[in-house]
Amino acid sequence: MKTRLKLKPGQKGTMKLLAEYGDLLVCVRYRYDEEHRKRFKTVEIIVDEKEWTPPPPRFADNARVPVRIAFPVEELKVKAKAAGGRWDPKAKLWFVPFGKIKGGILERHIVLDVPPKSAEKGKASNIKDMPGI
């Protein structure tokens, strides 16, 4: 089954459902089953709402986080260096200020489990021992 169309409330094809669900309607999807030759209209609605406090950020903006970049990927190395990153040859990782890569492509390359004795300039024996992490 494939979803071919996703509509926001108020678009053509959602008016009856918008009248029925009002502000609770999030979206309408049209799904197609080629095997059975059927089209399904599905709705996403809000069924519960309550207060929520987001968890604190994992890293402070000024914390240097370990980033693994594959050797041949020059584009990411240039971005890491431009963000103030430093290469640690012992750890074979870049250490970059988190605030400069937050929300960017380098954030996906952060290493969460760094083996012992692999930290910036050998100062810390474990990533948890590093300041700001």
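Since the model is a prediction, treat every value here as computed from it, not as a measurement.

Cut-offs and rules
Residues numbered from 1 in each chain as written. Predicted model: local features only at pLDDT ≥ 70, side-chain atom pairs only at ≥ 80, totals over all residues. Heavy atoms only, no water. Helix = DSSP H or I, 4+ residues; strand = E, 2+ residues; numbered from the N terminus. Buried < 20%, exposed > 50% of the residue type's maximum accessible area, 1.4 Å probe, protein only. Contact = heavy atoms within 4.5 Å. Areas by Shrake-Rupley, 256 points an atom, 1.4 Å probe, with all protein chains shown as cover. pLDDT = per-residue confidence, 0-100. Core = buried A, V, L, I, M, F, W, Y, C linked by side-chain atoms within 4.5 Å. Salt bridge = Lys/Arg side-chain N within 4 Å of Asp/Glu carboxyl O.

As a further point, take the overall build of the protein. What the protein contains, in helices and strands, is three helices and six strands. Of the regular secondary structure in the protein, the N- to C-terminal order runs β-α-β-β-β-α-β-β-α. Put simply, the protein has 133 residues, and 29% of those count as buried. Contacts spanning at least 24 positions in sequence make up 47% of the contacts within the protein whose residues lie at least 6 apart. When the accessible area of the protein is evaluated, it comes to approximately 10300 Å², of which 53% is carbon and sulfur surface.

Here we come to the confidence of the model for the protein. For the protein, mean pLDDT is 84; residues scoring 70 or higher make up 86% of the total. A low-confidence stretch, residues 116-133 stays under pLDDT 50, and its non-local contacts, those more than four residues away or across chains, total 31 contacts.

Further remarks concern the nonpolar core. Core analysis: the biggest nonpolar cluster contains 13 residues, and V65, V67, I69, V96, I101, L106 and I110 have the highest contact counts within it. Of all the secondary-structure elements, those providing two or more residues to this core are β4 (64-67), α2 (74-82), β6 (93-97) and α3 (98-101). Setting aside residues up to four positions removed in sequence, L106 forms contacts with V67, I69, L76, K79, A80 and I101.

Counted according to the given criterion, the structure contains six salt bridges. In this structure, the salt-bridge partner of E34 is R4, at a minimum N-O distance of 3.5 Å. With E34 in the loop between β2 (25-33) and β3 (38-45) and R4 in strand β1 (residues 2-7), this residue pair connects regions lying 30 residues apart in the sequence. Each member of the pair E34 and R4 is classed as exposed. The partner of K102 in a salt bridge is D61, with the nearest N and O atoms 2.9 Å apart. Taken together, the positions of K102 in the segment after α3 and D61 in the loop between β3 and β4 put the pair 41 residues apart, joining distant regions of the chain. For D61, a relative accessible area of 43% translates into the label partly exposed.

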